[in-house]
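# Examination of the molecular architecture
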Amino acid sequence: MLGSHLMLSAIDTWVVVVITLFPALIAGAAAGYFVYRAVLKKKQTDAETEFARVIEEAKLEAKTLRKDALLEAKEEQIRLRNEFEKESKDRRSEMQRQESRLNQKEDSINKKEDALDKKLENVERIRKELESKELKLKEIEEEMQNHSERMLQELEKVSEMTREEAKDLIIRQMEDEAKRDAVQIVKAIEKEAKDEGERKAKNIIALAIQRCAVDQASEATISTVELPNEDMKGRIIGRVGRNIKALESATGVDIIIDDTPDVVTLTAFDPVRREIARLTLQKLIADGRIHPGRIEEVADRVRRDMDATIKEAGESAVFDAGVYGIHPELVKLLGRMKFRTSYGQNVLKHSLEVSYIAGLLAAELGADEKLCKRAGLLHDLGKSIDHEYEGTHVQIGVELARKYKESERVIHCIAAHHGDVEAQSVEAVLVQAADAISGARPGARRESLEFYVKRLEKLESLANSFAGVEQSFAIQAGREIRVIVKPEQVDDAQTEFLAKDIAKKLENELEYPGQIKVNVIREVRKVEYAK
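Residues numbered from 1 in each chain as written. Predicted model: local features only at pLDDT ≥ 70, side-chain atom pairs only at ≥ 80, totals over all residues. Heavy atoms only, no water.

Where nonpolar side chains cluster on the molecular surface, the patch consists of Leu137, Ile140 and Met144 and spans about 300 Å² of accessible area. As for its placement among the helices and strands, Met144 is situated in helix α1 (residues 2-159). What makes Met144 exposed here is its relative accessible area of 53%. (Patch = residues over 30% accessible without salt bridge, like charges linked within 9 Å, V, L, I, M, F, W, Y side chains within 5 Å. Areas by Shrake-Rupley, 256 points an atom, 1.4 Å probe, with all protein chains shown as cover. Salt bridge = Lys/Arg side-chain N within 4 Å of Asp/Glu carboxyl O. Helix = DSSP H or I, 4+ residues; strand = E, 2+ residues; numbered from the N terminus. Buried < 20%, exposed > 50% of the residue type's maximum accessible area, 1.4 Å probe, protein only.)

Below is the structure:
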């Protein structure tokens, strides 16, 4: 109860204080309000005064700027007027100059027109003169034509020939003269070209051959074995021929024992077999023990030695030629050519020589030297086994080269070296030329009598196949052919063309070493007897 009385007393005290102070607060707030209004009014008055001053200054500045702008505009107007007047003056001056030039050109054109009128008058006068002259010329031509007709009629009467016959006679005479002139020109051009070509070719070939030194071995197509005495023939034959039969069976060759003293002949298509038989027989003769068992033993040993010899020969040839990367089987086939001959010329030595010459020719002419040497070494590859397969050695060589992955360029050189296909590269032509040089040089080859006779007969028959040929003779071992023509069918001018045609046909249809001289002879003989 005491607490409640105390709280009520405090509240009453605060109420009394508030009531006492409230009037004072109201009076203070009213005084503050009036003071604030007085200050605000003063600020408004000051602001209005400042605004009026700024407006007045702006008006003065605007008047000044207007005056300046007017002055600048007047100055610009004056400047533009002066420039316009100056430009107008310049244009008037230019127009006056242009007008003066036009007047001068007009005067010049008038003068040219006057001159042209005079020239036209002269042309018209000349045209009339030409017309009159043409009329006179026509009259003269008609008179000359009539005179020519009369002359031709008189000539026909005198010569007893018509105009057409005379024309044909003149044409024939002109043709004969043209042919004679053409032959002379052709001869001169051919002689000059031939001399120049021969000179250059001789220089190149001579240089190539001079730098090439190859040993040549000419061998026969059969092998012979010398015997120490005649009694050895009986031992080789053996009792009832058993030794010779065993020898032929072991080596695959035919052994001929005839009346030739101290010599046994071996024959076989395979040169390697023939060489194996020769070496076997020599070893048996040196050993003295000749019987079937010993023959087979020696033959086997010689065959093994021969395989090593063939490989060594092939490797030596590849090394000597400076050609690398050849398949081992091709190397063996090259070695087999050591025992193969063609027209008495050793094929391996010939291939090496062709490789050297082709390489040297290529070096002189700027062709592919390595390709020429490789193709020259492999060009007769087919001859190593041509007795075992059908086809020419060229076809066999191409198949072997393709089988053992030789390049197409090398294969083409092999295929073209005898002209079976047309040469498509310089290297193929060089291999062909090197082959001809190696085979055609004196002493390099020899041919059989049968082939020699056939070649001469073929040579004469080709020459006799031409019209107008009366007779032909192959002389100088087929190096020259003399052709006698019928004089009433072939004149002097035609003999030149006939010689060329015969030479071309011989080149296309006949194989021969070196060159053949074609000599065409036309002879006219008239015989009379005085009685």
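We now examine the nonpolar core. Counting 42 residues, the largest nonpolar core has Ile326, Leu334, Leu377, Leu378, Leu381 and Leu400 as its most contacted members. Listed by contribution, the elements that provide at least two residues to this core are α6 (292-321), α7 (328-336), α8 (347-365), α9 (369-378), α10 (393-403), α11 (408-416) and α12 (426-440). In terms of residues, this core owes the most to one element, α8, which gives eight residues. If we skip the residues at most four places from it in the chain, Ile326 touches Val318, Val331, Arg374, Leu377, Leu378 and Glu406. In this structure, Val225, Met232, Ile236 and Ile290 belong to the second largest nonpolar core, which totals 26 residues. (Core = buried A, V, L, I, M, F, W, Y, C linked by side-chain atoms within 4.5 Å. Contact = heavy atoms within 4.5 Å.)

Another aspect to go through is the environment of Ala503. Within the secondary structure layout, Ala503 lies in helix α14 (residues 492-509). The sequence separation of Ala503 and Ile516 amounts to 13 residues, and the corresponding C-alpha distance is 8.0 Å.

Here α14 contains 18 residues, and its C-alpha end-to-end distance of 26 Å stays within 8% of the 26 Å for a straight helix at 1.5 Å per residue. Every buried residue of α14 is listed here: Ala493, Thr495, Glu496, Leu498, Ala499, Ile502 and Leu506. One side-chain oxygen of the residue at the start of α14 lies 3.3 Å from the amide nitrogen of Ala493, identifying that residue as Asp491. (Expected span 1.5 Å × (residues − 1). Polar contact = N/O pair within 3.5 Å; in protein donor to acceptor, adjacent residues only side chain to side chain.)

Under the 1.5 Å per step criterion, the end-to-end length of helix α5 (residues 271-287) is 24 Å for 17 residues, consistent within 8% with the ideal 24 Å. Buried residues of α5: Pro271, Val272, Arg274, Glu275, Ile276, Ala277, Thr280, Leu281, Leu284 and Ile285, and no others. Looking at the buried residues of α5, the elements they touch are β1 (223-226), α3 (231-237), α4 (242-251), β3 (263-267), α6 and α7. Following α5 by one or two positions, Gly288 has its phi on the positive side, about 90 degrees.

The next subject is the pattern of salt bridges. A complete count under the given rule lists 23 salt bridges for this structure. Residue Arg289 is joined to Asp287 by a salt bridge in which the shortest nitrogen-to-oxygen separation is 2.8 Å. Arg289 sits in the partly exposed class, given a relative accessible area of 47%. Note that Lys332 and Glu329 form a salt bridge whose closest N and O atoms lie 3.9 Å from each other.

Take the sheet that holds strand β8 (residues 517-521) next. Ordered in space as β6-β7-β8, the three strands form an open sheet in which the pairing is mixed. Taken across any chain shown, the strands that pair with only one partner, and hence form the sheet edges, are β6 (469-475) and β8. Neighbour-to-neighbour, the strand axes of this sheet turn through a mean angle of 20 degrees, independent of strand direction. Packed onto the sheet, α14 meets β6, β7 (480-485) and β8 and runs at close to 150 degrees relative to β8. (Pairing = 2+ DSSP bridges. Axes fitted to C-alpha atoms, helices over the stretch in contact; angles between N-to-C directions.)

A cluster of acidic residues, Glu113, Asp114, Asp117 and Glu121, forms a negative patch on the protein surface. Note that Asp117 resides in helix α1. (Lys, Arg positive; Asp, Glu negative; His and termini not counted. Charge placed at Lys NZ, Arg CZ, Asp CG, Glu CD.)

α6 packs onto α4 with a crossing angle of 25 degrees between their chain directions and a minimal axis gap of 9 Å. Between α4 and α6, the crossing angle belongs to the class labelled roughly parallel. In terms of crossing hand, the pair formed by α4 and α6 is right-handed. The segment α4 lies against α6, with Arg242, Asn243, Ala246, Leu247, Ala250 and Thr251 engaging Pro292, Ile295, Ala299 and Arg303. Per-class residue counts for the contact of α4 with α6 are six nonpolar, two polar and two charged. (Parallel < 35°, antiparallel > 145°, perpendicular 65-115°, else oblique. Left-handed = near helix turned anticlockwise from the far one by under 90°. Nonpolar A, V, L, I, M, F, W, Y, C, P; charged D, E, K, R; others polar.)

Quick look at unusual backbone geometry now. Unusually for a residue other than glycine, Val240 sits at a positive phi of about 50 degrees. Within the secondary structure layout, Val240 lies in the loop between α3 and α4. Its relative accessible area of 75% is what places Val240 among the exposed residues. With a phi close to 65 degrees, Lys405 is a non-glycine residue in the positive phi region. Mapped onto the elements, Lys405 comes out in the loop between α10 and α11. For Lys405, a relative accessible area of 74% corresponds to the exposed category.

Should pLDDT be low for a region, the predicted coordinates there are not to be read in detail. Per-residue confidence for the protein averages 81 on the pLDDT scale, and 86% of its residues sit at or above 70. Across the protein, α11 holds the top mean pLDDT of 92, while helix α2 (residues 163-210) sits lowest at 69. In the predicted structure, residues 213-220 sits below a pLDDT of 50 and forms 24 contacts with residues beyond four places in sequence or in another chain. (pLDDT = per-residue confidence, 0-100.)

Moving on to the packing of aromatic side chains. Using the criterion set out here, one finds zero aromatic pairs in the structure. The ring of Phe466 carries Lys505 above its face, with NZ or CZ at 5.2 Å from the centroid. (Phe/Tyr/Trp six-rings, centres within 6.5 Å; stacked < 30°, edge-to-face > 60°. Lys NZ or Arg CZ within 6 Å of the ring centre and 35° of its normal.)

Before going further, it helps to examine the sheet that holds β1. Two modes of strand pairing occur in sheets, parallel and antiparallel, and in both the strands are linked by backbone hydrogen bonds. Reading across the sheet, the three strands line up as β1-β3-β2 and stay open at both edges, with antiparallel pairing between neighbours. In the strand order of this sheet, the two ends are held by β1 and β2 (254-256), each with one partner. In this sheet, neighbouring strand axes are inclined to one another by 25 degrees on average, regardless of whether the strands run parallel or antiparallel. Taken together, the three bridges between β2 and β3 define a ladder with antiparallel strand orientation. Residue pairing in the sheet places Asp254 in a bridge with Thr267 of β3. Running at roughly 5 degrees to β1, α5 makes contact with β1 and β3 of the sheet.

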